[in-house]
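As a plain string of letters, each chain reads:
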Amino acid sequence: SPNAVAQRLPRLVSQYFNFGGAAVQRNVPGEVVAVQSGMPVPLVPWYEVLVTNYCEVVLSRAGAKSLRVKCTRADGGHTHGIALMDLHLEMKFDR
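Residues numbered from 1 in each chain as written. Predicted model: local features only at pLDDT ≥ 70, side-chain atom pairs only at ≥ 80, totals over all residues. Heavy atoms only, no water.

(A) Geometry of the sheet that holds strand β3 (residues 65-79). Spatially, the four strands line up as an open sheet ordered β1-β2-β4-β3, and their pairing is antiparallel. Two strands in the sheet have a free side with no partner beyond their single neighbour: β1 (21-28) and β3. Across the sheet, the mean angle from the axis of one strand to that of its neighbour is 15°, orientation sign disregarded. On the sheet, helix α1 (residues 2-14) packs against β1, β2 (31-40) and β4 (82-94) and is oriented at approximately 170° with respect to β1. Helix α2 (residues 44-61) rests against β2, β3 and β4 of the sheet, and its axis sits at about 150° to β3. (Pairing = 2+ DSSP bridges. Helix = DSSP H or I, 4+ residues; strand = E, 2+ residues; numbered from the N terminus. Axes fitted to C-alpha atoms, helices over the stretch in contact; angles between N-to-C directions. Contact = heavy atoms within 4.5 Å.)

This is how it looks when you write it as structure tokens:
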């Protein structure tokens, strides 16, 4: 189901990075909100495009209809002199 796929996406994507964390904040039928925390600011524009398009393709193939994917940014602090952001990924869809 689209919900089952969407709830696994943060953990899947975090396997490619050796920084930050990933968690699902909300998982109800037709909506999943995930957070990718600790993303270095220079990577944010690239990651937003990548994850938004990836989610659209994967969730569509899982049967999601009327799919809406939205990525918002929040300050994630600093580590080792690098500014970080937390990205909130909101995925809404009909089944």
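Text resumes after the structure shown.
(B) Fine view of the pattern of salt bridges. Within the structure shown, the criterion is met by three salt bridges. Residues E31 and R26 are paired through a salt bridge, measuring 3.1 Å at the closest nitrogen-oxygen approach. (Salt bridge = Lys/Arg side-chain N within 4 Å of Asp/Glu carboxyl O.)

(C) Summary view of the side chain of E48. On the secondary structure map, E48 appears in helix α2. A relative accessible area of 16% means that E48 is categorised as buried. Engagement of the side chain of E48 in a polar contact is seen with the side chain of R73, the distance being 2.7 Å. Setting aside its immediate chain neighbours within four residues, E48 contacts C71, R73 and L87. (Buried < 20%, exposed > 50% of the residue type's maximum accessible area, 1.4 Å probe, protein only. Polar contact = N/O pair within 3.5 Å; in protein donor to acceptor, adjacent residues only side chain to side chain.)

(D) Here's a closer look at the pairing of β4. Of the pairings in the sheet, the one linking β2 to β4 comprises eight bridges and is antiparallel in character. Along β4, the bridge assignment pairs A34 with L89. For β3 and β4, the ladder comprises 11 bridges, and the chain directions are antiparallel. The residue bridging T79 from the neighbouring strand is I82, located in β4. Between β3 and β4, which follow one another and run antiparallel, lie two residues, and H80 among them has a positive phi close to 50°.

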